[in-house]
Amino acid sequence: MTLMMSVSGVRGIVGDSLTPELAVRLASAFGTPLAGSTVVIGRDTRPSGDMLKSAVQAGLQGAGCRVVDLGVATTPGVAVMVRERSAAGGIVITASHNPSGWNGLKFLTAEGSALTARQASAVFARFRDGPFAFASHDECGEVERDLSAANRHIVRVMQIVDAAAVRRRQLNVVLDSINGAGGASGRMLLEHLGCQVTHINADAGGRFAHGPEPTAENLAGLGAAVRDNGADVGFAQDPDADRLAIVDDKGRYIGEECTLALAARSVLSKTPGPVAANLSTSRMIDDIARQFGAPAVVHRTAVGEANVVEAIRRHHCVLGGEGNGGVIDPRVVLVRDSLTSMALVLGLMAEDWRPVHHVVDDLPQYVMVKEKFDADRAGLGAWLERVRMSAEGGSINDMDGLRIDWPEGWVHVRGSNTEPVARVIAEAADDRTARALIERVTQLR
Ligand code: MG
């Protein structure tokens, strides 16, 4: 029952819901329409990753795909290599921020981006019902090893930052890589940018030193390390290094919503243009865009990385992302990328030499409150209708559940893609107003 299949991939508990047999079948389902093409695979550092890699590799080869094995690699690193190797797709073996007993597969398109809902359901339909087309003895795919993902990824990230300006600041940075896949490339990037790096939880053995989700309570050690070292900033990656959380020079966790806000300030100050963010992302992005004037409009999307990417493409956005510390800069790669995020934040610090807590304090200040309620499809639909009817004075966006914006704040109600629950998020200038907005919609349940 712990196997989670969603548009962002498959996750399960190794040896329980996630078995080698299942991984072979998933990889073959993904690989069958790609027979004769190249598929790039990489894995995070979890000890189960090697076993799953063998299974995924066999599934792809058996379906007739050539495999490029990147070894341990980050999700954005695999995405970069899909492009660099002109592959037809990619598979990342990771359960992202889930605990170490979990693992999973994330699928990438030929563009190196997350699958759309439609593409993901096609893979899952084939996984369940077939048909599979297995290759004959002389058509099985070959395997090649390529360990250049970190280097090629860094080359791309270096192109979006004024490296000389960052080097002049001689920043002292603490990096917490949670023993994940991003440690090597994260450290290398920071060193290229002239930072003095204190690297904690750097061992890539995949035994996570703290809870792997980059939340405030899991990053207490990073805050302490920033204070002990008198560092300018602290960065925390998740195990597949697509998300980034930040700790300021006082050792204060600033919240993942601020990662996208700082990245947006960094990009828009040089290239004002449209940005994309999902409906659950903070209003900070709208305020920041407004500071930069007309070209910097915000395109809101349904929740899900592929929806943000689609908006980036359609509206030629200069940046996109999600409030969970996921920043997408299309100049680098079309997936969330902690290295891109670090480079953009450091670029901002190279322009504004004040201690970073001043830069953070300059961001628009909001409080976000998140709640979760049991709700089946039918119940949710009726509830949303009542919420819509009561939304007087607010502006309504119904592309994914219902988001209502009032001058004093907003609330977003949507059904989860993975469990029979509704998520309710509200944001306002203070906690009391945000909770009142939650109450306003939950009393209509
Ligand atoms: Mg992740």
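Residues numbered from 1 in each chain as written. Predicted model: local features only at pLDDT ≥ 70, side-chain atom pairs only at ≥ 80, totals over all residues. Heavy atoms only, no water.

Below, the discussion takes up the domain arrangement of the protein. Domain boundaries in the protein define domain 1 (3–147), domain 2 (152–361) and domain 3 (367–442). For domain 2 and domain 3, the distance between their C-alpha centroids amounts to 28 Å. Listed as interface residues are 10 residues of domain 2 and, on the opposing side, 15 residues of domain 3. Taking both partners together, domain 2 and domain 3 bury about 1000 Å²; carbon and sulfur atoms supply 49% of that area. Considering only the side of domain 2, the residues that lose the most area to domain 3 are Leu279, Ser280 and Arg283, jointly responsible for 60% of the buried surface there. The interface formed by domain 2 and domain 3 includes one salt bridge. The partner of Asp405 in a salt bridge is Arg283, and the shortest N-O contact between them spans 3.0 Å. Between the two partners, domain 2 and domain 3, sit 10 residue pairs in polar contact (both at pLDDT 80 or more). By residue class, the composition of the side of domain 2 that touches domain 3 is three nonpolar, four polar and three charged. (Domains from an automatic or database assignment. Contact = heavy atoms within 4.5 Å. Buried area = accessible area lost by both parts, 1.4 Å probe. Salt bridge = Lys/Arg side-chain N within 4 Å of Asp/Glu carboxyl O. Polar contact = N/O pair within 3.5 Å; in protein donor to acceptor, adjacent residues only side chain to side chain. Nonpolar A, V, L, I, M, F, W, Y, C, P; charged D, E, K, R; others polar.)

Attention shifts here to the coordination of the magnesium ion. Octahedral six-donor coordination of a metal ideally yields angles of 90 or 180 degrees, compared with 109.5 degrees for tetrahedral four-donor coordination. The protein atoms donating to the magnesium ion are Ser96 (OG), Asp238 (OD), Asp240 (OD) and Asp242 (OD), with metal-donor distances spanning 2.0 to 2.2 Å. Ordering the donors of the magnesium ion by residue number gives the pattern S-x141-D-x1-D-x1-D. With Ser96 in the loop between strand E5 (89–93) and strand E6 (102–108) and Asp240 in the loop between strand E10 (233–237) and strand E11 (244–247), this residue pair connects regions lying 144 residues apart in the sequence. (Donors = N, O, S within 2.8 Å, 3.2 Å for Na, K, Ca; no water. Helix = DSSP H or I, 4+ residues; strand = E, 2+ residues; numbered from the N terminus.)

A word on helix H8 (residues 220–229). Within the sequence span of H8, burial applies to Leu222, Gly223, Ala225 and Val226. Along the long axis of H8, the arc covered by the buried residues comes to 165°, so they all point the same way. Those residues of H8 hidden inside the fold are in contact with strand E8 (172–176), strand E9 (196–200), E10 and E11. Just downstream of H8 lies Gly230, where phi reads positive at about 55°. (Buried < 20%, exposed > 50% of the residue type's maximum accessible area, 1.4 Å probe, protein only. Arc of directions from axis to C-beta.)

Glancing now at the pattern of salt bridges. Where charged atoms from two side chains of opposite charge come close, those side chains can pair. Evaluation of the coordinates by the stated rule reveals 33 salt bridges. Residue Asp329 pairs with Arg331 through a salt bridge whose shortest N-O separation is 2.7 Å. Judged by its relative accessible area of 0%, Asp329 falls in the buried class. Judged by relative accessible area, which is 44%, Arg331 ranks as partly exposed. Overlapping salt bridges bring together Glu84, Arg85, Glu144, Asp146, Arg152 and Arg156 as one network.

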